[in-house]
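Residue-level listing of the chains:
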Amino acid sequence: KCSKTLFFSPQVFQLLTDLKQQRKESGKNKQSSGQQNLNTIMYETLKYISKTPCRYQSPQTVRDFLVAMKDHKLTK
């Protein structure tokens, strides 16, 4: 069985912000080219997401929105 997880931009923003902080705290300077590519992806994603309203959303506001929309029976 295939399991699917849908991530909302606020979750991605929080995850990448946390990872960025962890990397700062670890202080590792030596990085592989794969790690450098990942850092670039993280930087570009954070840069994009930080310009959207999701920066100000919390998990609770996303839950409240989903509950409010449930009665509308929207599909993907």
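Residues numbered from 1 in each chain as written. Predicted model: local features only at pLDDT ≥ 70, side-chain atom pairs only at ≥ 80, totals over all residues. Heavy atoms only, no water.

Per an unreviewed UniProt entry, the recorded name for the protein chain is DNA-directed RNA polymerase III subunit RPC9, and the organism is Himantopus himantopus. Regarding the protein chain, the relevant UniProt record gives this comment under Sequence similarities (unreviewed entry): "Belongs to the eukaryotic RPC9 RNA polymerase subunit family." UniProt, in its Subcellular location (unreviewed entry) section for the protein chain, records the words "Nucleus". (UniProt positions renumbered as here; feature names shortened; annotations may be inferred.)

Section: the overall build of the protein chain
The helix and strand tally for the protein chain stands at three helices and zero strands. Starting at the N terminus and ending at the C terminus, the protein chain contains elements arranged as α-α-α. Burial analysis of the protein chain (76 residues in total) assigns 12% to the buried set. (Helix = DSSP H or I, 4+ residues; strand = E, 2+ residues; numbered from the N terminus. Buried < 20%, exposed > 50% of the residue type's maximum accessible area, 1.4 Å probe, protein only.)

Observations regarding the side chain of Thr52
Along the chain, Thr52 falls in the loop between helix H2 (33–49) and helix H3 (59–70). We classify Thr52 as buried; its relative accessible area is 19%. Reaching out from Thr52, the side chain makes a polar contact with the backbone oxygen of Ile49 at a distance of 2.7 Å. (Polar contact = N/O pair within 3.5 Å; in protein donor to acceptor, adjacent residues only side chain to side chain.)

Considerations on unusual backbone geometry
In this structure, Lys73 takes a positive phi of about 50 degrees despite not being glycine. Mapped onto the fold, Lys73 is located in the segment after H3. Here Lys73 falls in the exposed class, since its relative accessible area comes to 71%.

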